[in-house]
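Okay, here's what each chain looks like letter by letter:
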Amino acid sequence: MFTSLAASAQEPTITIGQVAPLSGVLATTGQQMVLGGKVYFDSVNDQGGVHGAKIRTLVLDDGYKVDETLRLTKELVAKPEVVALFGFAGSANIAKLLEEKVLADAGIALVAPYTGGELLRKPFNPWIFHVRAGYADEAEHMVKQLNTQGLGRIAVLYQNDAFGKAGLAGVESALQRRGQKLVASASYERNTVEVESAVKVIRAAAPQAVIMVAINKPAAAFAKQYREAGGGGQLFNISVVDPAELVKLGGIENVKGLGISQVVPYPYRQTIPVVREFHEAMKKYAPKDEVNYTNFEEFLGAKVLVEALRRAGPKPTRAKVITALESMNNFNLGGVRIGFGPKERVGSRFVEVTVISSQGKLLK
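Residues numbered from 1 in each chain as written. Predicted model: local features only at pLDDT ≥ 70, side-chain atom pairs only at ≥ 80, totals over all residues. Heavy atoms only, no water.

A. Representation of the overall build of the chain in the model. From N to C terminus, the chain includes 13 helices and 15 strands. Taken over C-alpha atoms, the radius of gyration comes to 20 Å for the chain, in line with the 21 Å a tight globule of 364 residues would show. Seen through its principal axes, the chain has C-alpha atoms that stretch 65 × 40 × 35 Å. Residues counted as buried form 60% of the 364 residues belonging to the chain. Taking contacts inside the chain between residues at least 6 apart in sequence as the whole, the part at least 24 apart equals 71%. Within the structure as shown, the chain displays about 14,200 Å² of accessible surface, and the carbon and sulfur contribution to it stands at 50%. (Helix = DSSP H or I, 4+ residues; strand = E, 2+ residues; numbered from the N terminus. Rg over C-alpha atoms; globule rule 2.2 N^0.38 Å. Buried < 20%, exposed > 50% of the residue type's maximum accessible area, 1.4 Å probe, protein only. Contact = heavy atoms within 4.5 Å. Areas by Shrake-Rupley, 256 points an atom, 1.4 Å probe, with all protein chains shown as cover.)

B. Seen up close, the pairing of strand β8 (residues 184-188). Burial of β8 is one-sided: the residues Ala 184, Ala 186 and Tyr 188 facing one way are buried, the residues Ser 185 and Ser 187 facing the other way are not. Crossover connection from strand β7 (residues 154-159) via helix α6 (residues 162-176) to parallel β8: handedness right-handed. (Right-handed = clockwise from strand over helix to strand, strands pointing away.)

C. Region of the structure containing the sheet that holds strand β9 (residues 209-213). The 7 strands lie next to each other as β8-β7-β9-β10-β11-β14-β15, forming an open sheet whose pairing is mixed. Every interior strand has two partners, whereas the edge strands, β8 and β15 (362-363), have only one. Sheet topology note: the β7/β8 ladder contains 5 bridges and is parallel. Each residue of the ladder has a partner; that of Gln 159, found in β8, is Tyr 188. Sheet contacts for helix α5 (residues 135-148): β7, β9, β10 (234-237), β11 (259-262) and β14 (352-356); angle to β10, the most-contacted strand, approximately 165°. (Pairing = 2+ DSSP bridges. Axes fitted to C-alpha atoms, helices over the stretch in contact; angles between N-to-C directions.)

Structural measurements only, silent on function.
What follows is the structure in C-alpha cells.
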C-alpha cells in the first residue's frame, strides 16, 4: 500500500480508497490512472483541502487480478475512515465486487472506474458513478463511422472475460440495428498476449475492419501479427489503450492509422478550461510525466469526487457522499459536463474517434 498525503498528522483528513493494476499486464495504465487522480488531489490539498480537511488516498495494487481486487477492496471498506472509493480498473474485477455485494454491504460509492462494461451499468446499481460512456456507446460510434465509410464487413477481437464480452455484445448490437452481422469474432485469454489463433480466424474472414476490445499488450501483438500476416482491414480499438504503448509494442508500421474511440475530450490541446487546468496541474505535480487520455480521465473523475466531498459538507460520511453525487445534475467541470441523479449513474455519453498518425501521434 502507498499513501498520498500532503498533510501533517495533526490536520483533519478525508480518506479515499483506490485499487489499481500497478503491476501485471495493465501496469502502465494503472500507474497513469493513479497519477491523474493524484495531481488533482494534490492541487486541492495545496489550496487548503475540502472544508479544511486534506485528502488522503490509500492506493493498493491488484495486478488486474479479480481475486486481489475483491480482497483489497474488502480491506479498504473495513476501514471506517474510508468515505469513498475511486478509480479501479477491469469490468470483471468490479463485477465481482457487485456479485459479492462488497459495495452494497459497505454502503460506499465507487467513483470513476476505468471501464465501460455494461454489466456495471445494467441493471441499475446505486454504488458505481461512471464518468465515462459505456463500451456499447463506443461500439455504436465506431460501427456508425465504419458504415459511413462504406465498410460493412467487420470482425471483432476480444478479451475472453466480462470486459471483452461487453465490447463484443456492443458491436453485435450496433450491427444488428443496421441489419448486419459480424464476419468473424475471435478471443484471446485474459492476462496473456496469445493472439495467434485469433489472427488466423480473423484474417481468413477478410474483414474490411477489425474492432479490438483489447488492452495494450494483446492489442499491439494482434496489430503486429495481423499486419505481418498480410491483414489489410482498418483497425480500431476501444478506449482503454494507450497509443504510445501500442506504438512502442506493435511498431509504428503496424499501428499507424489505427482508430481509438475516446470517452473524454482531446487532452493534448488546451482548448477548454479543464484541459488547461489539467496541464497546469501536471506541470506542477508531475513535471516528468506526459499528458494522456488515461491520466486526464481520472483527473476528471477526481474533480467529480472532490465536488461531491464539498457538497457532502464537513466530516463527510459514505451516505452523504452518495447523496452529494446524486445532486450533481449537469455539473460543469470546465467545458465537460457530468450528470448524475437518484436513478442516473452514467454521467457522460461522450465518444469521439482518434487515429494514430504515421509519426505515432494521436490525431483527432
